[in-house]
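The primary structure of each chain is shown beneath.
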Amino acid sequence: MSEDEHKHARKKTDEHASEVRLEAMVDTEDGRIAPPPVPATAQSGDLHPEASSQTVGQRIMSGDALVAVLAVVLSLIAGGILIALTDEDVAQTATYFFARPQDMLLAAWSAASEAYLALFQGSVFDYEGETFSRMISPLMQTLTVATPLICAGLGVALAFRAGLFNIGAQGQIIIGATLAAWVGFGLHLPVGIHLLLVIVAGIIGGAIWGGLVGLLKAKTGAHEVILTIMLNYVAIYLVTYLLTTPAFQRPGSSNPISPLLDETAMYPPLFGDAFRLHWGFIVALLATVFVWWLLKRSIIGFELRAVGANPVAARTAGISVTKGYVVVMLIAGALAGLAGVAQVAGTEQVLSSGVAASFGFDAITVALLGRSTPWGTFFAGLLFGAFRAGGVTMQISTGTSIDIVLVVQSLIVLFIAAPPLVRALFHLPEPGKTKGPRSPKGTRSRKPATTGGPA
Amino acid sequence: MSTAVSTAPEQSTTRAGAVRSWKTPITLAVLAVFALLVFAIGAPGNEVTFRLSDPGDAIVLPPIVVFAPVMGWIGAVIMVAAAALAFVQVRAGRPVPGWLIAVFAVVFVAAFLSWIVGSARTPNVALYGLLAGSVTLAVPLIFGSLSGVLCERSGVINIAIEGQLLFGAFSAAVAGSLSGSAFVGLMAAAVGGVLVSLVLAVFSIKYLVNQVIVGVVLNVLVSGLTGFLFSTVLSADAETWNSPPRLPVISIPFLSDIPIIGPILFEQAIVGYLMYVAVAVIYIGLFHTKWGLRTRAVGEHPKAADTLGVKVNRMRFMNVSLAGVVAGLGGAFFTLVSVSSFGRDMTAGQGYIALAALIFGRWNPIGAFFAALLFGFATNLQYVLSFLGTPVPNQFLAMLPYIVTIFAVAGLVGRSRAPAANGVPYIKG
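Residues numbered from 1 in each chain as written. Chains lettered and ligands numbered in written order. Predicted model: local features only at pLDDT ≥ 70, side-chain atom pairs only at ≥ 80, totals over all residues. Heavy atoms only, no water.

What chain A contains, in helices and strands, is 21 helices and zero strands. For chain A, the share of sequence-separated contacts (at least 6 apart) that also reach a separation of at least 24 residues comes to 72%. Carbon together with sulfur atoms contributes 66% to the accessible area of chain A, which is approximately 19500 Å² in total. (Helix = DSSP H or I, 4+ residues; strand = E, 2+ residues; numbered from the N terminus. Contact = heavy atoms within 4.5 Å. Areas by Shrake-Rupley, 256 points an atom, 1.4 Å probe, with all protein chains shown as cover.)

Dropping the structure here:
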């Protein structure tokens, strides 16, 4: 009406310019609530009431569990074909395929099955082990590798739930690990306090690196994908630089590697010194419970989910979207920082520039496979930990490149994300009209067909 | 930055100006003060030589020699003035003009160069090599971000640029080695890019899988697949599988003799020329043709487009496939131009940088082109400077492109607005 009011309205639109996009999307979607900037949230089962009202038993019995199992089977078959195709024995027997086809088929079968057996042997249970501890040591190794994956995966998943695409777990792990390691070898404190401080330092480091993204996004509207990618690079160069300075470099060494962390700064082994598994795994478990509590039971979690599901509605309801972005990135960074702590105070025991390996990027796939739910991420982390641990054994004992693990992992995520494809491949019936929380778009699309009118 | 008339990014810029956003003046002021302290007050007291041409060139230009403190002070004064002007503009309720930011950026880079080269052990740099190298490094980035423009303008988020580049590079290496022809390799690169695109299109358009998920997963899949084949097939017999011929450098007579810009524009492998063509064609196509109007309509408001008879999903499918061709050609650059063999994960995150360039360039081909050039320049500057021996640790120089981007995105560009329907699958009904 008055010019002042007009200006105020325009200011409001500007302050939330990114949300203008969402308003436009609501139009696009014919009044239906559209996915947020990162539509990944739309994929998390909890956003759909029919999914959350299901009991665990119902979920297992529903077709989705079957689809998940079939997706894993399909991916393993595809990986097996790839292994067989590149196997030398298979190539040799293929030269006389038409004379004796069974030779090639046998060779292909043995190539693939041997690789997978080695994978299993290296990740779950070594049936050739002499002692019981030898037999279960692969499982322990899996849990050890899964620890940082779970922590960082939770960070990525949490950001997803608030509608942010956090590619920055890598950088957050690195900074968390750097700070934790510095407390670990730089300070000399009594047992208990030292480890606690190391954990706190890791959390702070990750939270700074993550919170920076949330702050910049909230204050300036910069795109979080760019910010996280750039900060990943800054983090890796920062740690390489620090490792050349006297404060971080191991005395007397010319390699970019830090001194060993103090004994008091390290996670104690969980089941004795025979295994590498450390208390970091319990911390990861607690982190999962914490994220579950945060999302399901806390007010902050409710606000975050509201922001993720529909920022416009959240703002109307009086939830500060900008505060939500900062808070979620702080927590996401802190969780990734815990992964860094697990690395320096548990598995690696030193800080090097490769401390984060590729955990930060694997965490994205873990979160996606876990559908951005805490327990989903936890189990996805275990699965990927198993693949990673077993892949090493497989490469050593059968010579199959560990890269096959990446192929199988990514195929699993792809197939699980596309239930209609899996159903079509196995000629499974389409789920009933009331079913289908895992394919929200597909089911939703059919309902408004009556309201939408012809286009 | 962009000259397009009807795209939404401009609208948000003008709106930002109308409400007195102090972000730009503050950013400029911070940078100006930094320049004053470091480039002017902290200037090294020696002369800096910028060589403009190689002594063997047809036309030899004399080198530019400046006194570093003079250059630093002039630059700092201009920057402070520009920042002050920006404050005045915003105070008066006017937006900060684009040319002011451009002038500021150019002066900043010039002052920075004279400061850092002046502090080096050998204060002498070949400007022509610096610029030419920047363009070379930017070529795959530009192809990658153009691929993103094509996808995202039609409403499909393309995180899979990295995978498209990598598979393009792989296909080019294998096909080039098997056939012995670099051009067959180039064709294969395009096909490889399209294959990745097809998976993206099928999963995101037909099966309505979240596009971010498909993109991320495709990158992992391609990395695993090419890595696996590299360690089993390619390294077992590199002679047969992994020794592609290089694409010849074609220099256009006379034009390539022009100092500085000659080698950049007119002395390239065919991929380099294709890059300029692709930028121009995609820009004109998007903003001045029927196809472009439809593409943008599908990306902004698919329902409206559908109502007018545009086949939304077919349009998206076509654009995503085309994006695969573009990114695949960019991938060929790795194995047919810069190195002549495929290496594991040889794209090394360039696809993600291309994604950043695309957003930085505001989903506009020209914007993406310049953003990618900026990355190329910063990366090449780091190589050149580490060679000259500067007092700044190498790692900080390596950070430079990324920090510059954060500043640019947070301070100058601000809220970038994606096409409205980006990432939203369209279901007719």
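From this point on, the discussion continues.
Attention shifts here to the overall build of chain B. Each helix and strand in chain B was counted, giving 17 helices and five strands. Buried positions account for 58% of the 429 residues belonging to chain B. Of the roughly 16200 Å² that chain B leaves accessible, carbon and sulfur atoms contribute 72%. (Buried < 20%, exposed > 50% of the residue type's maximum accessible area, 1.4 Å probe, protein only.)

The final tally for this structure, using the stated rule, is 22 aromatic pairs over all chains. Seen in terms of ring centroids, Phe34(B) and Phe39(B) are 5.8 Å apart; in terms of plane orientation they differ by 80°. Their pairing is edge-to-face. Here Phe39(B) falls in the buried class, since its relative accessible area comes to 1%. Through successive ring pairs, a cluster of aromatic residues spans Phe34(B), Phe39(B), Phe104(B), Phe108(B), Phe112(B) and Trp115(B). Over the aromatic face of Tyr325(A) sits the side chain of Lys217(A), whose NZ or CZ is 5.4 Å from the ring centroid. (Phe/Tyr/Trp six-rings, centres within 6.5 Å; stacked < 30°, edge-to-face > 60°. Lys NZ or Arg CZ within 6 Å of the ring centre and 35° of its normal.)

Residues and elements named next belong to chain A. Taken over all residues, the pLDDT of chain A has a mean of 79, while the share at 70 or more is 80%. Across chain A, helix α9 (residues 169-186) holds the top mean pLDDT of 94, while helix α21 (residues 449-452) sits lowest at 32. When the criterion is pLDDT under 50, residues 9-53 qualifies, and its contacts beyond four places in sequence or with other chains add up to 111 contacts. Residue range residues 57-61 is modelled with pLDDT below 50. Its contacts to residues more than four positions away, or to other chains, number seven contacts. (pLDDT = per-residue confidence, 0-100.)

Counting residues in hydrophobic clusters, the biggest one holds 209 residues, and the most contacted among them are Phe165(A), Met230(A), Leu351(A), Ile142(B) and Phe342(B). Of all the elements, helix α8 (residues 132-161) of chain A adds the most residues to this core, at 15 residues. Once residues within four sequence positions are removed from consideration, Leu351(A) is found in contact with Ala177(A), Thr178(A), Ala181(A), Val239(A), Leu243(A), Phe248(A), Ile257(A), Ser258(A) and Val344(A). Ranked by size, the runner-up nonpolar core spans 35 residues in total, among them Leu31(B), Val107(B), Phe112(B) and Phe377(B). (Core = buried A, V, L, I, M, F, W, Y, C linked by side-chain atoms within 4.5 Å.)

Let us now look at the packing of helix α11 (residues 224-242) of chain A against helix α15 (residues 350-360) of chain B. Where α11(A) contacts α15(B), the two axes come as close as 9 Å, and the packing angle between them is 135°. Comparing their axes, α15(B) and α11(A) come out oblique. Considering only the axes of α11(A) and α15(B), their crossing is left-handed. Along its contact with α11(A), which presents Val225(A), Ile226(A), Ile229(A), Met230(A) and Tyr233(A), the element α15(B) presents Tyr352(B), Ile353(B), Leu355(B), Ala356(B), Ile359(B) and Phe360(B). Looking at the contact of α11(A) with α15(B), its residues break down into 11 nonpolar, no polar and no charged. (Axes fitted to C-alpha atoms, helices over the stretch in contact; angles between N-to-C directions. Parallel < 35°, antiparallel > 145°, perpendicular 65-115°, else oblique. Left-handed = near helix turned anticlockwise from the far one by under 90°. Nonpolar A, V, L, I, M, F, W, Y, C, P; charged D, E, K, R; others polar.)

A few words now on the sheet that holds strand β1 (residues 47-51) of chain B. Picture the strands of a sheet paired through backbone hydrogen bonds; they go either parallel or antiparallel. Residues and elements named next belong to chain B. What the three strands build is an open sheet, ordered β2-β1-β3; its pairing is mixed. The sheet is open, and its two borders are formed by β2 (64-67) and β3 (124-126), each paired with just one other strand. Here the average twist between neighbouring strands, direction ignored, is 20°. As paired elements, β1 and β2 share four bridges and run antiparallel to each other. Each residue of the ladder has a partner; that of Glu47, found in β2, is Phe67. Contacts between helix α4 (residues 98-119) and the sheet are confined to β1 and β3, with β1 contributing the most and set at about 110° to the helix. (Pairing = 2+ DSSP bridges.)

Below, the discussion takes up the packing of helix α7 (residues 101-123) of chain A against helix α17 (residues 374-398) of chain A. Residue and element names in this part refer to chain A. Where α7 contacts α17, the axes come no closer than 7 Å and their chain directions differ by 125°. Taken together, the axes of α7 and α17 lie oblique to each other. Where α7 crosses over α17, the two elements pack in a sense that is right-handed. Facing α7, whose interface residues are Glu114, Ala115, Ala118, Leu119, Gly122 and Ser123, α17 presents Ala386, Phe387, Ala389, Gly390, Gly391, Thr393, Met394, Ser397 and Thr398. Partitioning the contact of α7 with α17 into residue classes produces seven nonpolar, seven polar and one charged.

Residue and element names in this part refer to chain A. Here the structure, examined in full by the defined rule, presents four salt bridges over all chains. Between Glu130 and Arg134 there is a salt bridge, with its nearest N and O atoms 3.5 Å apart. For Arg134, a relative accessible area of 47% translates into the label partly exposed. The salt bridge involving Lys217 is made with Glu224; its shortest N-O contact spans 3.0 Å. Glu224 gets classed as buried once you look at its relative accessible area, which sits at 3%. (Salt bridge = Lys/Arg side-chain N within 4 Å of Asp/Glu carboxyl O.)

Below, the discussion takes up α4(B). Three- or four-residue spacings in an α-helix give side chains the same orientation, since the helix completes a turn every 3.6 residues. The end-to-end C-alpha distance of α4(B), which contains 22 residues, comes to 32 Å, matching closely the 32 Å that a straight helix rising 1.5 Å per residue would cover. Among all positions of α4(B), only Leu100(B), Phe104(B), Val107(B), Phe108(B), Ala111(B), Phe112(B), Leu113(B), Ser114(B), Trp115(B), Ile116(B), Val117(B) and Gly118(B) are buried. (Expected span 1.5 Å × (residues − 1).)

As judged from the three bridges shared by β1(B) and β3(B), these two strands associate in the parallel manner. When the bridges of β3(B) are listed, Phe50(B) appears paired with Val125(B).

Averaged over every residue, the pLDDT of chain B is 84; residues scoring 70 or more account for 94%. For the stretch residues 1-18 of chain B, pLDDT sits under 50, and the model shows 30 contacts to residues farther than four places along the chain or on other chains.

In this model helix α16 (residues 365-388) of chain B runs 34 Å from its N-terminal to its C-terminal C-alpha over 24 residues, within 8% of the 34 Å that 1.5 Å per residue would give. With a side-chain oxygen positioned 2.9 Å from the backbone nitrogen of Ile366(B), the residue opening α16(B) is Asn364(B). (Polar contact = N/O pair within 3.5 Å; in protein donor to acceptor, adjacent residues only side chain to side chain.)

Moving on: the environment of Ser243(B). Residue and element names in this part refer to chain B. With respect to the secondary-structure elements, Ser243 resides in the loop between α9 (238-241) and β4 (249-251). As a C-alpha pair, Ser243 and Ser177 span 66 residues in sequence and 5.1 Å in three-dimensional space. The contacts of Ser243, once residues within four sequence positions are left out, are Ser177, Ala238 and Ser340. Polar side-chain contacts of Ser243 include one of 2.7 Å to the backbone oxygen of Glu239.

Residues and elements named next belong to chain B. One can find Ala323 in helix α14 (residues 312-338). Judged by relative accessible area, which is 0%, Ala323 ranks as buried. C-alpha separation for the pair Ala323 and Gly193, spaced 130 residues apart in sequence, amounts to 7.9 Å. The contacts of Ala323, once residues within four sequence positions are left out, are Ser147, Leu150, Cys151, Gln164 and Ser197.

Attention now goes to a nonpolar patch on the surface. Residue and element names in this part refer to chain A. There is a patch of nonpolar side chains on the surface, built from Leu179, Leu187, Ile193, Leu196, Leu197, Val200, Ile204 and Ile208 and spanning about 650 Å² of accessible area. Sort the elements by how many residues they give to the nonpolar patch and helix α10 (residues 193-220) lands first, with six residues. Relative to the elements of secondary structure, Ile193 occurs in helix α10. A relative accessible area of 49% means that Ile193 is categorised as partly exposed. (Patch = residues over 30% accessible without salt bridge, like charges linked within 9 Å, V, L, I, M, F, W, Y side chains within 5 Å.)

On to the environment of Gly370(A). Within the secondary structure, Gly370(A) is located in the loop between α16 (359-369) and α17. Those residues in contact with Gly370(A) that sit more than four places away from it in its chain are Gly376(A), Thr377(A) and Ala380(A).

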